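# An overview of the molecular structure
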Amino acid sequence: MAAEAAAAGRLWLSACRAGGHWRRLCSAGLLRGFLQPASAVGDAARRRQLAHFTFQPDPEHQDYGQTQKMNLFQAVTSALDNSLAKDPTAVIFGEDVAFGGVFRCTVGLRDKYGKDRVFNTPLCEQGIVGFGIGIAVTGATAIAEIQFADYIFPAFDQIVNEAAKYRYRSGDLFNCGSLTIRSPWGCVGHGALYHSQSPEAFFAHCPGIKVVVPRSPFQAKGLLLSCIEDKNPCIFFEPKILYRAAVEQVPVEPYNIPLSQAEIIQEGSDVTLVAWGTQVHVIREVASMAQEKLGVSCEVIDLRTILPWDVDTVCKEECFLNLEAPISRVCGYDTPFPHIFEPFYIPDKWKCYDALRKMINY
Amino acid sequence: MASVTCACWPAHLGPAPAGPLSLPVCFPWSHPAPLLHRRGTRSPGRKGLALGPPQGSAPPDPLSQQLVPPPLTGVLMYRDYPLEQFMAQCYGNVNDPGKGRQMPVHYGCKERHFVTISSPLATQIPQAVGAAYAAKRANANRIVICYFGEGAASEGDAHAGFNFAATLECPIIFFCRNNGYAISTPTSEQYRGDGIARGPGYGILSIRVDGNDVFAVYNATKEARRRAVAENQPFLIEAMTYRIGHHSTSDDSSAYRSVDEVNYWDKQDHPISRLRHYMQSRGWWDDEQEKAWRKQSRKKVRATSCCRPTPQGTLEGRRLGFGGQ
């Protein structure tokens, strides 16, 4: 046990040196009491905030003009700014968006574009989405915010029974394609049941809408702009843990990243790892671990659009029909998202690595 | 808090508009009436409501309908929607603009600004508010009128819609047809407050009208429209009426209400009869014309009833409506 811990400790050490921060040593809490450096003892509050991933920025893109250092929420603001500047019908609304939003995604927009274009609504998700559908039906661009993805469920009927079906059921006489719903999404370290959910699966089988999750600021701006311009109602989930943690050079001008196109961010030949949002950074690290420890070459895919998803990239036919092991799914447990137990609940790199190892040895 | 009472005209809305209308106006209302009546089991009370508002809301204001539209069929009919297209949607044949995708009576018409009906109740209420907000931003001098029943008003979407309309100052008329029943559920089991004229709780000016009095409905709607555009605020009209017919062809209402009750409304307070008597008293109509017009209407309806689906039409129409891909 001690030997294992020591071995694990070595791994933690090498990870932490590579990462640069000594505190990352105790991120999963598993080695608490074993190998904490003296400086971290008693630093309980800070330990609770250590992340299970390391954000890996993409190399700066040269094709889109001048760039600026932005974190993810600033990239969202930039996309919204571009949209309101380009499209005079575009409006942004939801709870608390007027002062800038609880995650600062709409800071400055009301002052710049006016209170008729950036405004608060009453606290009512079904109303927010229904209202947004109505705006979109007239042809104006509606950008609705649901304050946390955990609270999207009151709007489920409006999304699934109305927005998704508007064009089909009217024989294309009417549609709400200019509706985009954006919402903070996913685990954040301390969110518990109602500030951590990733509800994309509930929408993933609903024809008529699109569901998108970005992994980074650059991806977020391009994908959000594509959602806003797409002629179908879109849900854009923003990984809240990346709002500040992810920083990249992001083009100032508008640009689009296509929907329904997964991105192979690392080529590989032995195992395919697929994820979206924050988890992409986890599996990137798992790919490195696999290469280093097992000599296994991993293909890493960011799905980006959950619905309609890029089945061709993920399931390259000649490979998919010749799999040498069953597909493995690493996710949270079948319980609600816990508070204090989050480190045990989330599919961290160790669980993913373990699944990969079992797959290789299948 | 003062409750809204059945009023001829609430004083705080200003002077009442002019009384009953003249001959030319009555004729457009009276003409669709037999067509609606003949089509079956629909409540004439709801027909009164159907015929009233359209003239009050000068086209082409967008209309957001709740399901149970046969009474609101009058609205579309008033906007000259052809009988053939009503039938086409019901049959789901190749001529259905909805491409055969929905159950009967889920009409929609872009040119007439009649948003396609969907089955879930009250979902259209916050949508209508959004459309009204967009109309306000566009300085279109347009309003949206949104129809729903007293049952749908119990849905959370109704509460959401009212609250949004008031806080966001939207030019919209919420038109509630209170006909006493939501399928078998009487109003005593639907609400305990003072009907659906609960707008004052949201800061919405509201009026309750006799839904079987076409002139009352017309006047209320006309004034509400004028003010909604001028003042960018919502209005709520609760039109009291009675559903004489069954809820649908799958319903037998004798299971939950007495024949006497139905007969009372049919004989004593029928909006079409009331309008007819008024016109007859003015010498604008008589039994001969009534007979002739009924005959003509019957012929018209029968002529359009031979619209069975064609195999070719139904398959072609089944493309998924996924736009912009």
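Small disclaimer: the values here were computed from a predicted structure and weren't measured.

Our focus in this paragraph is the overall build of chain B. On a plain count of helices and strands, chain B comes out with 12 helices and 8 strands. Going through the 325 residues of chain B one by one, you find that 55% of them count as buried. Of the contacts formed within chain B by residues at least 6 apart in sequence, a portion of 74% connects residues at least 24 apart. Here chain B displays about 14000 Å² of accessible surface, and carbon together with sulfur accounts for 53% of that area.

This brings us to a nonpolar patch on the surface. On the surface, A:Phe320, A:Leu321, A:Leu323 and A:Ile327 cluster together into a nonpolar patch covering about 430 Å² of accessible area. By secondary structure assignment, the location of A:Leu321 is in the loop between helix H13 (317-320) and helix H14 (342-345).

Residue and element names in this part refer to chain A. As summarised here, the arrangement of the 7 strands in space is E3-E2-E4-E5-E7-E6-E12, forming an open sheet in which the pairing is mixed. A single partner strand is all that each edge strand has here, and the edge strands are strand E3 (118-120) and strand E12 (305-307). For this sheet the average axis-to-axis angle between neighbouring strands, irrespective of direction, equals 20°. By the bridge criterion, 4 bridges tie strand E4 (residues 142-145) to strand E5 (residues 179-185) in an arrangement that is parallel. When the bridges of E5 are listed, Glu145 appears paired with Arg182. Relative to strand E2 (residues 91-94), helix H5 (residues 125-137) is tilted by about 165°, and along the sheet it contacts E2, E3, E4 and E5. Relative to strand E7 (residues 234-239), helix H9 (residues 217-229) is tilted by about 165°, and along the sheet it contacts E4, E5, strand E6 (210-212) and E7.

Residue and element names in this part refer to chain A. Segmenting chain A into domains produces domain 1 (67-251) and domain 2 (263-361). Summarising the inter-unit geometry, the C-alpha centres of domain 1 and domain 2 are found 27 Å apart. Counting residues at the interface gives 25 residues for domain 1, matched by 20 residues for domain 2. In total, domain 1 and domain 2 occlude about 1800 Å² of area from one another, counting both sides; carbon and sulfur atoms represent 60% of this. Between domain 1 and domain 2 we count 2 salt bridges in total. Counting the contacts that link domain 1 with domain 2 gives 12 residue pairs in polar contact (both at pLDDT 80 or more). Elements with a minimum of two residues in the side of domain 1 that touches domain 2: helix H8 (200-203), E6 and H9.

Rules behind the numbers
- Residues numbered from 1 in each chain as written.
- Chains lettered and ligands numbered in written order.
- Predicted model: local features only at pLDDT ≥ 70, side-chain atom pairs only at ≥ 80, totals over all residues.
- Heavy atoms only, no water.
- Helix = DSSP H or I, 4+ residues; strand = E, 2+ residues; numbered from the N terminus.
- Buried < 20%, exposed > 50% of the residue type's maximum accessible area, 1.4 Å probe, protein only.
- Contact = heavy atoms within 4.5 Å.
- Areas by Shrake-Rupley, 256 points an atom, 1.4 Å probe, with all protein chains shown as cover.
- Patch = residues over 30% accessible without salt bridge, like charges linked within 9 Å, V, L, I, M, F, W, Y side chains within 5 Å.
- Salt bridge = Lys/Arg side-chain N within 4 Å of Asp/Glu carboxyl O.
- Pairing = 2+ DSSP bridges.
- Axes fitted to C-alpha atoms, helices over the stretch in contact; angles between N-to-C directions.
- Domains from an automatic or database assignment.
- Buried area = accessible area lost by both parts, 1.4 Å probe.
- Polar contact = N/O pair within 3.5 Å; in protein donor to acceptor, adjacent residues only side chain to side chain.

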